[in-house]
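A closer look at the structure
Chain by chain, the residues:
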Amino acid sequence: MENSDVANRVRAIIVEQLGVDPARATDDASIVDDLGADSLEVAQIVMMIEDAFNIEISDDAADAVVTVGDAVYVVLASKTKR
């Protein structure tokens, strides 16, 4: 899977979960501050990403997911560990 495909799928999950305009889900957009997610929604997004990509995201990595780009990076990093 190409990096751009991963990024697009992660963005789609975030947009779907939060009901935000896809144009707002840029790499540097804060999931909480810019897109309005609460901590429960962030946890839900992490779980949806795990399911979509068949990966496990550690609690430390999940805590580091602040921006859309961070979420994409976590997926890409987990794929390189295999």
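What comes next is a walk through the structure. (Residues numbered from 1 in each chain as written. Predicted model: local features only at pLDDT ≥ 70, side-chain atom pairs only at ≥ 80, totals over all residues. Heavy atoms only, no water.)

Description of the overall build of the protein chain
Stated formally: Secondary structure elements follow DSSP: runs of H or I of four or more residues count as helices, runs of E of two or more count as strands, with numbering from the N terminus. As a reference, a globule follows 2.2 Å times the number of residues to the power 0.38, and the radius of gyration itself is taken over C-alpha atoms. In what follows, residue pairs with any heavy atoms lying within 4.5 Å of each other are defined as contacts. Computed with the Shrake-Rupley method and a 1.4 Å probe, the accessible areas treat only the protein chains shown as cover for residues. By the counting scheme adopted, Arg and Lys are positive, Glu and Asp are negative, and His together with the chain ends is not counted. Note that the charge is assigned to NZ on lysines, CZ on arginines, CG on aspartates and CD on glutamates.
When you go through the protein chain residue by residue, the secondary structure sums to 4 helices and 0 strands. In sequence order, the secondary structure elements of the protein chain are arranged as α-α-α-α. A globule of 82 residues ought to have a C-alpha radius of gyration of about 12 Å, and the protein chain, at 11 Å, matches this closely. Its C-alpha atoms give the protein chain principal-axis dimensions of about 35 × 25 × 20 Å. By sequence separation, contacts in the protein chain at least 24 residues apart represent 59% of the contacts at least 6 residues apart. Surface exposure of the protein chain reaches about 4900 Å², of which carbon and sulfur atoms provide 48%. For the protein chain, the separation between the mean place of its 6 positive charges and that of its 17 negative charges on side chains is 8 Å.

Considerations on the nonpolar core
When a protein is soluble and globular, its nonpolar side chains tend to lie buried together. Heads up, the condition is: What makes a nonpolar core is a set of buried Ala, Val, Leu, Ile, Met, Phe, Trp, Tyr and Cys residues whose side-chain atoms join them at distances within 4.5 Å. Residue burial is assigned from relative accessible area. The probe radius is 1.4 Å, only protein chains are included, and a residue is buried under 20% of its type maximum, exposed over 50%, and partly exposed in between.
Membership of the largest hydrophobic core comes to 28 residues, with the highest contact counts inside it found for Val10, Ile14, Leu18, Ile31, Ile49 and Phe53. In terms of residue count, the dominant contributor to this core is helix α1 (residues 3-18) (7 residues).

A look at the environment of Val15
By the element assignment, Val15 lies in helix α1. The class of Val15 is buried, set by a relative accessible area of 16%. Residues Val15 and Lys79 lie 64 residues apart in sequence; the distance between their C-alpha atoms is 22 Å. If near-sequence neighbours (up to four positions away) are discounted, Val15 is found in contact with Val20, Pro22 and Ala25.

Structural notes on the pattern of salt bridges
Just so we agree on the cut-off: By salt bridge we mean one thing: a side-chain nitrogen of Lys or Arg within 4 Å of a carboxyl oxygen of Asp or Glu.
Enumeration over the complete set of coordinates arrives at 1 salt bridge. For Asp27, the salt bridge identified is with Arg11, shortest N-O distance 2.5 Å. Separated by 16 residues along the polypeptide, Asp27 in the loop between α1 and α2 (39-53) and Arg11 in helix α1 bring together distant segments of the chain.

Thoughts on the packing of aromatic side chains
Where we set the bar: Two aromatic rings from Phe, Tyr or Trp, using only the six-membered ring of Trp, form a pair when their centres are within 6.5 Å; if the ring planes differ by under 30 degrees the pair is stacked, by over 60 it is edge-to-face, and anything between is tilted. Put simply, a charge is over a ring when the Lys NZ or the Arg CZ is close to the ring centre, within 6 Å, and near the line of the ring normal, within 35 degrees.
For the structure shown, the criterion picks out 0 aromatic pairs. The aromatic ring of Phe53 is capped on one face by Arg9, whose charged end is 4.5 Å from the ring centroid.

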